[in-house]
Amino acid sequence: MSAIQTTVVLAMTADGKISAVDPKAPRDSDPVDQAHLEYQTSLADLVLVGAGTIRAEGETYTIRNPELLAARKIRGQSPQPITCVVSGSLDLSLDLPFLSQDIERWIFTTRTGLKRNSDATSLQKLAELIDLGETDLDWDRAYSLMAERGIHKVIVLGGGALTAALLKAGRIDDWWLTIWPIIYGGKHAPSPVEGEGFLPQAAPHLQLVETRQVGSQLFLNYRILS
């Protein structure tokens, strides 16, 4: 295991949904939750985000608060963290706004994805494509590469499939979970952790280390127990 600290930062509804059935449906943003997200992201050297999330949102999250930008400069970090999209299939369109943002971009993918995507050569000009295996992503390899490149702090912004993969690989250290006072419902609406799920005896256990309440919103910080 590497010494890279990995924190998941996600928000979910009171009924456990990270988005509505239609992930592109407009939603009012909450300034308190946005400030929390911006602060947590500002600590990162690299942001991991799933391909489905980047397709739904179009862009990656960027830091705008002058105080947070100044703090990054003092710490010797770049103005914006690297954003790394995780896409084993490399199913990413060249017209994504993400690919023209003023940030450093990585894409974790597979050799199968590189072979199947006819736009791989064009994508390579817009982001660094990093092959992590033939058909499956090798997270040990990914973390070794990040450590070699001086990454110390990773923030994971979902979605559920990425979170599940990192939990299974034992790479998540802690979790900031915002609970919105709203219900989305829908059996096909995504949750914070997708994948195959865990049986009770193998399920990751958490320790609650901090709670904050702002109005009807809850902010919960959990440590993942070994």
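Just so it is clear, the structure is predicted and the values come from calculations on it, not from any experiment.

Rules used in this analysis
- Residues numbered from 1 in each chain as written.
- Predicted model: local features only at pLDDT ≥ 70, side-chain atom pairs only at ≥ 80, totals over all residues.
- Heavy atoms only, no water.
- Core = buried A, V, L, I, M, F, W, Y, C linked by side-chain atoms within 4.5 Å.
- Buried < 20%, exposed > 50% of the residue type's maximum accessible area, 1.4 Å probe, protein only.
- Helix = DSSP H or I, 4+ residues; strand = E, 2+ residues; numbered from the N terminus.
- Contact = heavy atoms within 4.5 Å.
- Salt bridge = Lys/Arg side-chain N within 4 Å of Asp/Glu carboxyl O.
- Polar contact = N/O pair within 3.5 Å; in protein donor to acceptor, adjacent residues only side chain to side chain.
- UniProt positions renumbered as here; feature names shortened; annotations may be inferred.
- Phe/Tyr/Trp six-rings, centres within 6.5 Å; stacked < 30°, edge-to-face > 60°.
- Lys NZ or Arg CZ within 6 Å of the ring centre and 35° of its normal.

1. Thoughts on the nonpolar core
Core analysis: the biggest nonpolar cluster contains 32 residues, and Leu46, Leu48, Trp106, Phe108, Trp139 and Met146 have the highest contact counts within it. A per-element tally of this core places helix H6 (residues 139-148) first, with five residues. Non-local contacts of Leu46, meaning those with residues more than four positions away in its chain, are made with Pro81, Ile82, Cys84, Trp106, Met146, Ile151, Lys153, Val154 and Ile155. Leu92, Leu99, Ala120 and Leu129 belong to the second largest nonpolar core, which has 15 residues in total.

2. A few points about the pattern of salt bridges
Applying the stated criterion across every chain, the model contains seven salt bridges. In this structure, Arg111 engages Asp131 in a salt bridge whose closest nitrogen and oxygen atoms are separated by 3.0 Å. Here Arg111, found in helix H4 (residues 111-116), pairs with Asp131, found in strand S5 (residues 128-131); they are 20 residues apart in sequence, far enough to count as distant. For Arg111, a relative accessible area of 31% gives the class partly exposed. One continuous salt-bridge network, built from bridges that share partners, spans Arg111, Lys115, Asp131 and Glu134.

3. Some thoughts on the side chain of Asn117
Assignment of secondary structure puts Asn117 in the loop between H4 and helix H5 (120-126). Here Leu90 takes part through its backbone oxygen, which lies 2.4 Å from a polar atom of the side chain of Asn117. If near-sequence neighbours (up to four positions away) are discounted, Asn117 is found in contact with Leu90, Leu92 and Leu123.

4. Some details on the UniProt feature "domain: Bacterial bifunctional deaminase-reductase C-terminal" (unreviewed entry) in the protein
In the numbering used here, UniProt assigns the feature "domain: Bacterial bifunctional deaminase-reductase C-terminal" (unreviewed entry) to residues 7-218. Between the C-alpha atoms that bound residues 7-218 the distance is 18 Å, and the span itself is 28% helix and 23% strand.

5. Let's talk about the packing of aromatic side chains
The description of an aromatic ring pair uses the distance of the two centres, along with the angle that the planes make with each other. Taken as a whole and judged by the stated rule, the model has four aromatic pairs. Pairing Trp180 with Tyr184 gives two aromatic rings, centres 6.5 Å apart and planes at 55 degrees, and the pair type is tilted. Of the residues examined, Trp180 reaches a relative accessible area of 8% and is grouped as buried. What makes Tyr184 partly exposed here is its relative accessible area of 27%. The positively charged end of Arg105 is found above the aromatic ring belonging to Phe98, 5.9 Å away from the centroid.

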